[in-house]
Amino acid sequence: MKKRIALALAALMMLGLFAGCANEPAADSTAPSTPGSAASSDPAGSSNPAPASDLRVDVFYYDFSDVYISTVRASLDEQLKAIGIEPKNWDAAGSQPTQSDQVNTAIADGTNLLIVNIVETSTSDPAKDIVEAARAKDIPVIFFNREVADNAVINSYDKCAFVGTNAPDAGHMQGEMIGKYLVDNFDALDLNGDGKISYVMFKGQEANAEAEARTQFGVEDANKVLTAAGKPELEYYDTGASTKYLVDTNGKWSSTAANDYMVTLLGSYNKDNNNMIELVIANNDDMALGAISALQNVGYNNGEGTTTIPVFGVDATDAAKEAIDKGTMTGSIKQDNVGMASTIVTLVKNVQSGAALMDNTGDFTVDADVAKIRVPYGVYDGSSK
């Protein structure tokens, strides 16, 4: 009898053990995240993540190290994961041959959508090659941020579009902001009392549409405001220079390039020589911050009690906004990384649902006769926080 009771108790214990195991979660039930996987697809940590999408999306960035582009990548990743898409990101590290090879690899691997931040902007050939390779497999292409040609690229394929800014707008807005600031503070900024403001311009890249427009209109529009107020036009620090800008020869729009230039310039153009550079204009915030670092090393732009040389950039990155709020940088033109990403995602959703690529874009600013959507700029000067 005792033996039967013992056996019954043992059976009950085994049943309880199995029941307990069935209610315990697996030690690691989440598969590694892959394109098309729903793993980690909900950036907010919701208990109701979007269902996984079968759409394979490959995103090609010209350079992960670009500060603004890194913010677009973070926002685009978040928004794509929120609709069940785990994008595969590619870093060309500034090399067009590398990017072209990456695109061909993605096509061979069965991608469903190419999103391309093109490296080469001085010629349309690489973009045209990407379009031809995509067309051969009936794959849609979305170019973004770095301008590509209308007819040679976008209009050559009915499943091709571009999302970016209107390049001249940043230059116009920056120039107007600079001009107004100089008019309001002219005498204090004219450090050598010669009645003119001497400036340096840091250009990101030759033959890049954004760099060309910012370099041109940042100065031209500032001069319009100055002359309208009865002030003389800006004077480039080196009056004998044939080009009125210093370019990042690596095409990376980097803080390092601007810092190196500025360190060298300050050895000759300084208060002791009575020819101090009185204004810094940069094509992006990274270059602006590099110039500020050089200025700070010799006693400028260190906050209250120090002379501040006005420095203007473009992008309104977090680092730039912090510098503007602290008073070490003067202003920036906001390039909307979240807006850029959300506009791209609108087109991705069209592909995902089987709609035409440019459907559902009625609320956007779209160019006439070409599938190009323009994301607007804004002004950030500390008062617009």
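Residues numbered from 1 in each chain as written. Predicted model: local features only at pLDDT ≥ 70, side-chain atom pairs only at ≥ 80, totals over all residues. Heavy atoms only, no water.

### A few points about the sheet that holds strand β13 (residues 372–374)
Next, step 1: Across the sheet, seven strands lie side by side as β2-β1-β3-β4-β5-β13-β12; this open sheet has mixed pairing. Strands with a single pairing partner mark the edges of an open sheet, and in this sheet they are β2 (88–91) and β12 (365–366).
Next, step 2: One ladder, built from three bridges, connects strand β3 (residues 113–116) with strand β4 (residues 141–144); its direction is parallel. Within β4, the position partnered with L114 by the bridge is V141.
Next, step 3: Helix α2 (residues 67–81) contacts β1 (57–61), β2 and β4 of the sheet and is inclined by roughly 170° relative to β1.
Next, step 4: Contacts from helix α10 (residues 337–353) reach β1, β3, β4, β5 (160–164) and β13 within the one sheet, and its direction differs from that of β5 by about 160°. (Pairing = 2+ DSSP bridges. Helix = DSSP H or I, 4+ residues; strand = E, 2+ residues; numbered from the N terminus. Contact = heavy atoms within 4.5 Å. Axes fitted to C-alpha atoms, helices over the stretch in contact; angles between N-to-C directions.)

### A word on the environment of L347
Next, step 1: Looking at the secondary structure, you find L347 in helix α10.
Next, step 2: Between the C-alpha atoms of L347 and V163, which are 184 residues apart in sequence, the distance is 9.5 Å.
Next, step 3: Ignoring any residue separated from it by four or fewer positions in sequence, one finds L347 in contact with I142, A161, V163, L357, M358, T361 and I373.

### Some points on the pairing of strand β11 (residues 331–335)
Next, step 1: Of all the five residues making up β11, four are buried; the element is thus mostly covered by neighbouring parts of the structure.
Next, step 2: By the bridge criterion, four bridges tie strand β10 (residues 311–315) to β11 in an arrangement that is parallel. Looking at β11, one finds that D315 is bridged to K334.
Next, step 3: Between the parallel pair β10 and β11, the chain is carried across by helix α9 (residues 318–326), and the sense of this crossover is right-handed.
Next, step 4: Relative to strand β14 (residues 377–380), β11 runs antiparallel, the two being bridged by four bridges. Paired with K334 across the two strands is G378, which belongs to β14. (Buried < 20%, exposed > 50% of the residue type's maximum accessible area, 1.4 Å probe, protein only. Right-handed = clockwise from strand over helix to strand, strands pointing away.)

From the geometry alone we can't say anything about function, so treat these as descriptive.
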